[in-house]
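Next come the chains, spelled out residue by residue.
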2 protein chains.
Amino acid sequence: MKLLEDRILADGNVLSPAILKVDSFINHQVDPVFMHELGAEIARHFRGQGINKVMTIESSGIAPAVFVAMELQVPLVILKKQSSAILKTDVIQTEVVSFTKEISYQLTLARKYLSENDHVLLVDDFLANGEAATGAIRLIRKAHATIAGIGILIEKSFQPGRTKLNEQGIHVYSLARIAEMDTDHITFLPEEA
Amino acid sequence: MKLLEDRILADGNVLSPAILKVDSFINHQVDPVFMHELGAEIARHFRGQGINKVMTIESSGIAPAVFVAMELQVPLVILKKQSSAILKTDVIQTEVVSFTKEISYQLTLARKYLSENDHVLLVDDFLANGEAATGAIRLIRKAHATIAGIGILIEKSFQPGRTKLNEQGIHVYSLARIAEMDTDHITFLPEEA
């Protein structure tokens, strides 16, 4: 999506070949009108596929995901990050280890918000190594729901997240795909259909 | 706002005289079309007051706040909850102790996203004891920005949050104000203008 690529070039900040800061318009400060446009584009891509729930992971996935859900007119389910396991039968959990942030957490969902009748679109701001997305997919499968695909704002295509997800048969749609970057240059992969 | 009061009566779940669960449409699962209507009403109330930034606290404030910000066409700044203090001059922090959840955290903001030129509307899902809101206001003052007011979805009016904020001269606008509640009854205070 050229709109997002241009904004990354204008306002993104590459700190190292692996770290892109977009906190002036995506994570820490959010441009809500722009975010609505991004959410509408992800909704457009997945429309007509029987999706009845959008899912995301707190907290930086919430802003894009709530616009995708509004456009598709379906509920948004927000997975919580808990520091420890909860031993209750009405909760589903799975452990996620983030290599980037060197932390682990329990991705947590109240069981009543996901069932075998749900066809789920997962939305997040970044896809890099795919740990969080893979964890969310484990939860979706534990609930016997099905996965329509994953909508991502910015994919670091030089990291293995997409490949790991594709190997599981999961369709990934990313609005911007970064092939490589350094402090004075960002190269994008061609846009997807 | 009758729309929200009716939804609380229909889908809210009072666990005790102090605890109201609204996680089927506000925090854990979000009804995005409904949340957009709530955000638009908060924006309507505060429109024309020179607000140039909306602020919220991760993570359950993000969904309502991003709609308020979209309607006012201004950026949204999301305060982060860090577990420990960061000793960097480009970050502003203040400690918040939550009595409800028995935790404390450092409310954290990159200094560049708030300055003395900013007139800020704070938005959150709940107002109870007001610890988080009071912390956010300390950060706004540390940055020499000014406060237009606070927009809240659900206020527990039997707890002291609003009074503490009003005593600091801060205008609070809540869409639903709960006077008292128990497991089979909820009483609301009259709507504000």
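Check the entry above for the structure.
Residues numbered from 1 in each chain as written. Chains lettered and ligands numbered in written order. Predicted model: local features only at pLDDT ≥ 70, side-chain atom pairs only at ≥ 80, totals over all residues. Heavy atoms only, no water.

A word on the pattern of salt bridges. Enumeration over the complete set of coordinates arrives at 16 salt bridges over all chains. Close ionic contact of Asp11 of chain A with Arg7 of chain A constitutes a salt bridge, the shortest N to O distance being 2.7 Å. Of this pair, Asp11 of chain A and Arg7 of chain A both sit in helix α1 (residues 2–11), 4 residues apart, which is roughly one turn of the helix. The partner of Glu41 of chain B in a salt bridge is Arg44 of chain B, and the shortest N-O contact between them spans 2.7 Å. Placement of both Glu41 of chain B and Arg44 of chain B in helix α2 (residues 32–46) is noted, with a separation of 3 residues, approximately one turn of the helix. Given the relative accessible area of 16%, Glu41 of chain B is considered buried. The partly exposed category is assigned to Arg44 of chain B, whose relative accessible area is 45%. Taken together, the shared-partner salt bridges connect Arg7, Asp11 and Asp31 of chain A into one network. (Salt bridge = Lys/Arg side-chain N within 4 Å of Asp/Glu carboxyl O. Helix = DSSP H or I, 4+ residues; strand = E, 2+ residues; numbered from the N terminus. Buried < 20%, exposed > 50% of the residue type's maximum accessible area, 1.4 Å probe, protein only.)

What follows concerns helix α1 (residues 2–11) of chain B. All names here are of chain B. Residues of α1 that are buried: Leu4, Glu5, Arg7 and Ile8. Relative to the axis of α1, the buried residues are bounded by an arc of 165° and lie together on one face. Across from the buried face of α1, at angles greater than 90 degrees, the exposed residues are Lys2 and Ala10. Residues of α1 that are buried sit in contact with β2 (19–21), α2, β9 (146–156), β10 (172–182) and β11 (185–188). (Arc of directions from axis to C-beta. Contact = heavy atoms within 4.5 Å.)

This part covers the interface of chain B and chain A. Put simply, an interface is often sized by how much accessible area is lost when its parts join up. At the interface, 30 residues of chain B touch 30 residues of chain A. Summed over both sides, the interface between chain B and chain A buries roughly 2,500 Å², with carbon and sulfur atoms accounting for 64% of that surface. On the chain B side of the interface with chain A, the three residues burying the most area are His28, Gln29 and Tyr113 of chain B, jointly 27% of the side's total. The interface formed by chain B and chain A includes 0 salt bridges. Across the chain B-chain A interface, the total number found is 14 residue pairs in polar contact (both at pLDDT 80 or more). At the level of elements, β3 (29–30), α2, α3 (62–72), β5 (76–82) and β7 (103–110) of chain B are the ones that each hand at least two residues to the side of chain B that touches chain A. Ranked by the residues each element gives to the side of chain B that touches chain A, the list is headed by α3 of chain B, at 6 residues. Grouping the constituent residues of the side of chain B that touches chain A by class yields 17 nonpolar, 8 polar and 5 charged. When strand β5 (residues 76–82) of chain A meets β3 of chain B, the two strands line up antiparallel, connected through 2 bridges. Each bridged residue has a counterpart across the sheet, and for Val77 of chain A the counterpart in β3 of chain B is Gln29 of chain B. (Buried area = accessible area lost by both parts, 1.4 Å probe. Polar contact = N/O pair within 3.5 Å; in protein donor to acceptor, adjacent residues only side chain to side chain. Nonpolar A, V, L, I, M, F, W, Y, C, P; charged D, E, K, R; others polar. Pairing = 2+ DSSP bridges.)

All names here are of chain B. Tracing the backbone shows His45 in helix α2. With relative accessibility at 18%, the residue His45 sits in the buried group. For the pair His45 and Gly135, spaced 90 residues apart in sequence, the C-alpha to C-alpha distance is 23 Å.

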